[in-house]
Amino acid sequence: MTRTLSTLLLATLSLTAASMAAAQKTTLTVGGQPTTLDTVKVGGRTYVALDQLQKALTAAGGSTQLGAAEGCLNEWLFNGTWRLRVISVKYVADAGNGNYYGWVATTEFRNGGKQLLKLSNTGIEKGVSLALKDGSTKELGLSGIASAFKTGTDLPPGAGLVMDLPFFWQGGTPTNEQLQANPPVKLIVPVDVTALRRGGSTLYKTVNYVKDPSFRVNLTCKK
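What you are looking at is a predicted structure, and each value in this text was computed from that prediction instead of being measured.

**Q** Help me out: how do you make sense of the confidence of the model for the protein in this one?
**A** The predicted model of the protein has a mean per-residue pLDDT of 80, with 72% of residues at 70 or higher. Overall, residues 1-20 carries pLDDT values under 50, and its contacts beyond four positions in sequence, including any with other chains, amount to five contacts. Under a pLDDT of 50 for its full length, residues 57-66 has, in the predicted model, 12 contacts with residues more than four places off or in other chains.

**Q** For this particular structure, what's the right way to read the pairing of strand β7 (residues 101-111)?
**A** The side chains of a regular strand alternate, residue by residue, between the two faces of the sheet. In terms of residue burial, β7 counts as a mostly covered element, since 10 of its 11 residues are buried. As defined by bridge partners, β7 adjoins strand β10 (residues 160-169) across 10 bridges and the pair is classed as antiparallel. Counted as the bridge partner of F109 is L161 from β10.

**Q** Would you explain the nonpolar core in this entry?
**A** One finds I124, F149 and L187 to be the most contacted residues of the largest nonpolar core, which totals 37 residues. Elements represented by at least two residues in this core include exactly β4 (68-73), β6 (82-92), β7, β8 (129-132), β10, β11 (184-189) and β12 (214-222). If one sorts the elements of this core by residue count, β10 sits on top with five residues. Among all residues touching F149, those that are not within four sequence positions of it are F109, L119, I124, E125, V128, L140, M163 and L165.

**Q** How should I be thinking about the state of the cysteines in this particular structure?
**A** As used here, a disulfide is simply a covalent bond connecting the sulfur atoms of two cysteines. With the rule as written, the count across this model stands at one disulfide. Covalently, C72 is tied to C221 through a disulfide, its sulfur atoms 1.9 Å apart. Across the S-S bond linking C72 and C221, the dihedral sits near -95°, which makes this disulfide left-handed. Here C72 is found in strand β4, whereas its partner C221 is found in strand β12, with 149 residues between them in sequence.

**Q** Quick question: what am I supposed to make of the sheet that holds β7 here?
**A** Each strand in a sheet pairs with its neighbour through backbone hydrogen bonds, running either in the same direction (parallel) or in the opposite one (antiparallel). Spatially, β5-β6-β7-β10 is the arrangement adopted by the four strands of the open sheet, whose pairing is antiparallel. The two strands at the open ends of the sheet, each matched to only one other strand, are β5 (77-78) and β10. Pairing geometry for β6 and β7, over 10 bridges, is antiparallel. Looking at β7, one finds that V86 is bridged to T107.

**Q** So what exactly am I meant to see when it comes to the side chain of E108 here?
**A** When you line up the elements, E108 lands in strand β7. A relative accessible area of 6% means that E108 is categorised as buried. A distance of 2.9 Å separates the side chain of E108 from the side chain of R85, its partner in a polar contact. Polar contacts involving the side chain of E108 include one to the side chain of R110, which spans 2.9 Å.

**Q** What am I meant to see in the side chain of T106 here?
**A** Mapped onto the secondary structure, T106 falls in strand β7. Ignoring any residue separated from it by four or fewer positions in sequence, one finds T106 in contact with R85, V86, I87, S88, V162, M163 and D164.

**Q** I tried to follow the environment of L130 on my own but got confused; where do I start?
**A** Of note, L130 is situated in strand β8. What makes L130 buried here is its relative accessible area of 0%. If sequence neighbours within four positions are ignored, L130 has contacts with W103, S136, T137, K138, F167, P184, K186, L187 and L219.

**Q** Just to check I follow, could you spell out the environment of L187 for this structure?
**A** If you trace the backbone, L187 turns up in strand β11. Between the C-alpha atom of L187 and that of K138, which follows or precedes it by 49 residues, the distance is 9.7 Å. In this view, L187 contacts V86, T107, V128, S129, L130, F167, F215, R216, V217 and L219; residues no more than four positions away in its chain are not counted.

**Q** Honestly, unusual backbone geometry in this entry has me stumped. Any pointers?
**A** Residues apart from glycine generally show negative phi values, whereas peptide bonds are mostly found in trans. Residue P174 is bonded to the preceding T173 through a cis peptide linkage, with omega at -5°. Tracing the chain through its elements places P174 in the loop between β10 and α3 (176-180). Even without being glycine, N74 reaches a positive phi, approximately 65°. As for its placement among the helices and strands, N74 is situated in the loop between β4 and β5.

How each quantity is defined
- Residues numbered from 1 in each chain as written.
- Predicted model: local features only at pLDDT ≥ 70, side-chain atom pairs only at ≥ 80, totals over all residues.
- Heavy atoms only, no water.
- pLDDT = per-residue confidence, 0-100.
- Contact = heavy atoms within 4.5 Å.
- Buried < 20%, exposed > 50% of the residue type's maximum accessible area, 1.4 Å probe, protein only.
- Helix = DSSP H or I, 4+ residues; strand = E, 2+ residues; numbered from the N terminus.
- Pairing = 2+ DSSP bridges.
- Core = buried A, V, L, I, M, F, W, Y, C linked by side-chain atoms within 4.5 Å.
- Disulfide = S-S within 2.5 Å.
- Polar contact = N/O pair within 3.5 Å; in protein donor to acceptor, adjacent residues only side chain to side chain.

Listed below in structure tokens is the structure:
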């Protein structure tokens, strides 16, 4: 009890002293993103308010953030079975003729396993989405123009597949200007490991996923 009280007293004194010190801006990396916080330096140590730090952690993904292999544009990521990289993200403008418009992510998947595999049968199909700058998301559908996501293609070991994944709108809302002012910052590719057990199948006994096999690609950095 004495030790706990002493610790609390020390923390209180430190925070009190910090409040009287001159504030400054410090850039930290939180969740793979550079984040600027208000800090104070006391006795050679830098302090940051807990509410600021909590807010920064929430913005980086929060307590419900999907565990995943993380990386940048053009960086190969590996989840124990599949290799993935995002080659580029480009904007397709609305031509005003009723066609789809929005963002296209060019991706490459490679079979890093030891047998013939399909993306869909190993849990990569649903929920692929872009996280936009304003915090909203745009999901890739499973029909129509999203058929570019060839999840049912057989890929032997070492084989790869380059795909343009369209995250599109239609109808002029939002406008070109609004969409381009709100660019994608992350591509999220969930992996549903329960797909390996559907229907009692034993086809993929040798699929070896890491603990968090999903992918999250930071589109604001490049390797």
